[in-house]
Amino acid sequence: MENKVNVVSTVSTILLLFLSTIEAQSGALDVVAKFGAKADEKTDLSKPLLDAWKEACASATPSTIVIPKGVYLLSQATLEGPCKAPIELQVQGSIKAPTDPQAFKEAKWIEFNKVENFKMSGGGVFDGQGTRAYKREGCDKKDFCSALPINIRFDFLTNALIQDITTRDSKQFHVNLLGCKNITLERFSVRAPQDSPNTDGIHIGRSDGVNIINSDIRTGDDCISIGDGTKHLDIKDVTFGPGHGISIGSLGKFENEEPVEGITVSKCTLTDTTNGARIKTWAGEYGGTVSDIHFEDITVKNVSCPVIVDQKYCPSNKCKMNEESNVKLSKISFKNIHGTAALPEVVKIICSGKFPCEDVELADIDITYSGPKGPAASECKNVKPRITGKQNPPACDAPVPPNPTPTV
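Criteria and cut-off values
- Residues numbered from 1 in each chain as written.
- Predicted model: local features only at pLDDT ≥ 70, side-chain atom pairs only at ≥ 80, totals over all residues.
- Heavy atoms only, no water.
- Helix = DSSP H or I, 4+ residues; strand = E, 2+ residues; numbered from the N terminus.
- Buried < 20%, exposed > 50% of the residue type's maximum accessible area, 1.4 Å probe, protein only.
- Contact = heavy atoms within 4.5 Å.
- Areas by Shrake-Rupley, 256 points an atom, 1.4 Å probe, with all protein chains shown as cover.
- Disulfide = S-S within 2.5 Å.
- Pairing = 2+ DSSP bridges.
- Salt bridge = Lys/Arg side-chain N within 4 Å of Asp/Glu carboxyl O.

Engineer: What should I look at first to understand the overall build of the protein in this one?
Structural biologist: A count of helical and extended segments in the protein gives three helices and 31 strands. Here the protein holds 408 residues, and the buried ones make up 56% of them. In the protein, once contacts between residues fewer than 6 apart in sequence are set aside, the share between residues at least 24 apart is 76%. For the protein, the accessible area works out to roughly 17,000 Å², and carbon and sulfur atoms hold 50% of it.

Here it is as structure tokens:
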């Protein structure tokens, strides 16, 4: 019932935003015509954009800001609320970030903060120009990457629609959602090279009512990463790859992490990703809970680990591998997942020995592997899943090695 209510609420929000912005079209705030922006790839868009935002935010009636077609340079911008009325930002052009990572004093490029009833559309591109950052010494070890700017931050937004927008070559995460409520990303695109480090497509944390639909994500790290405190997330009709797939987690790394619950991933296709549907928690470390998680109607094409629960997650061998995860997993289902795998470990459910997984369902799994490394395998540990429908390979039929293969 909660999910149905959430969908109705989201549709209503989208309709209200659409109607309000239609009313505002006649008085659109054009950053070029009214505020002096120049599409010459040299003049900083920051002041014209901030001036337009200031006027729109102070307006008692709905406003539309337009960034016309063309290529713009933007040093950095934080667009803050609360605002008096709904705002639509139409990004029709391509906006480029400075190429030099040293140009950024904070780990963000453009941020939307504490805004209600917001829409961003227009078919435009946010180009982080991250190629130079990817090649920086130390970035592959992630001690440099963490200080790099995120392309777009959505912080504490309520009732928002992001539609027909592309983010390209971010220096770090492409999109970060924090503390948002009722936000939809539709026809949203992420583009980055397969070897780009720490370039998660969309990271979600401590948000309620996020919808990602009819989108396409291609990157070098997690396509979607789901952090603590995420509730009522719906991912539907999204294509992924390359990248690391859909990841709940990693969780349990930090103290006082909030529960993750009510996640549904459906009608998605993953191609050439290192993982498919994944839940990952750190060995040892801190506690937490993950519940009501459902992956269904998923197509995998040459995916290395199509179905994986990894409660011994250890990305850099700096973990307490001799200890069990303190994160409790329950009410999890994998249904109608089919296609091809790049490695023989097709299903891998490695749960905590301290808190075994509960209420896990495997239904209609049909994934083939035809490579040289042996037959397809389904491995289970510290879990007794409910098994229904076709199971190819046979569910939980393969022995679990003493030291399971680490995942990225």
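Engineer: What exactly am I supposed to notice about unusual backbone geometry here?
Structural biologist: Apart from glycine, the bulk of residues carry a negative phi angle, and the bulk of peptide bonds sit in the trans form. The amide bond that connects Gly81 to the next residue, Pro82, takes the cis arrangement and shows omega of 5°. The topology assignment puts Pro82 in the loop between strand 4 (77-80) and strand 5 (87-91). Cis geometry is found at the peptide bond from Asn392 to Pro393, where omega equals 5°. Looking at the element boundaries, Pro393 is found in the segment after strand 31 (386-392). If you check the backbone angles, Arg206 has positive phi at about 50° while not being a glycine. Mapped onto the fold, Arg206 is located in the loop between strand 16 (202-205) and strand 17 (208-213). The partly exposed category is assigned to Arg206, whose relative accessible area is 37%. A positive phi angle, close to 60°, is found at Asp292, a residue other than glycine. Relative to the helices and strands, Asp292 is located in strand 25 (residues 287-303).

Engineer: Whenever I open this one, the state of the cysteines confuses me. Can you help?
Structural biologist: Where two cysteines share a covalent bond between their sulfur atoms, that bond is called a disulfide. Using the criterion set out here, one finds three disulfides in the structure. Each disulfide pairs two cysteine sulfurs, and for Cys57 the partner residue is Cys83, the sulfurs being separated by 2.1 Å. Across the S-S bond of Cys57 and Cys83 the torsion is about -100°, and the bridge reads as left-handed. Residue Cys57 is found in helix 2 (residues 46-58), and its partner Cys83 is found in the loop between strand 4 and strand 5; the two are separated by 26 residues along the sequence. A residue is classified by how much of its surface remains accessible, and Cys57, at 12% relative accessible area, is buried. Between Cys351 and Cys357 runs a disulfide, and the two sulfur atoms are separated by 2.0 Å. On the S-S bond that ties Cys351 to Cys357, the torsion sits near -100°, and the link is left-handed. Overall, the relative accessible area of 3% leaves Cys351 in the buried class.

Engineer: Quick question: what am I supposed to make of the pairing of strand 10 (residues 150-155) here?
Structural biologist: Put simply, side chains in a regular strand alternate between the two faces of the sheet. Of all six residues that make up strand 10, six are buried, and the element is covered over most of its length. For strand 7 (residues 108-113) and strand 10, the ladder comprises five bridges, and the chain directions are parallel. Bridged to Glu111 within strand 10 is Arg153. In this sheet, strand 13 (residues 175-178) lies alongside strand 10 in parallel orientation, the contact comprising four bridges. Within strand 13, the position partnered with Phe154 by the bridge is Leu177.

Engineer: What am I meant to see in the environment of Pro48 here?
Structural biologist: Mapped onto the elements of the fold, Pro48 is located in helix 2. For Pro48, a relative accessible area of 9% puts it in the buried group. Along the chain, Pro48 and Gly36 lie 12 residues apart, while their C-alpha atoms are 6.4 Å from each other. Look past the residues within four positions of Pro48 in its chain and what remains in contact with it is Val31, Phe35, Gly36 and Ala37.

Engineer: Got a minute to help me understand the pattern of salt bridges in this structure?
Structural biologist: Think of it this way: side chains of opposite charge can pair up when their charged atoms draw near. Summed over all chains, the structure comprises 21 salt bridges. Among the ionic pairs, Asp155 bridges to Arg153, the shortest N-O distance being 3.0 Å. Relative accessible area serves as the criterion here: at 5%, Asp155 is assigned to the buried category. Residue Arg153 is classed as buried on the basis of its relative accessible area of 16%. The salt bridge involving Arg386 is made with Asp359; its shortest N-O contact spans 3.2 Å. Of the two residues, Arg386 is situated in strand 31 and Asp359 in strand 29 (residues 358-368); the sequence distance between them amounts to 27 residues. Taking the relative accessible area as the measure of exposure, Arg386 reaches 42% and is therefore partly exposed.

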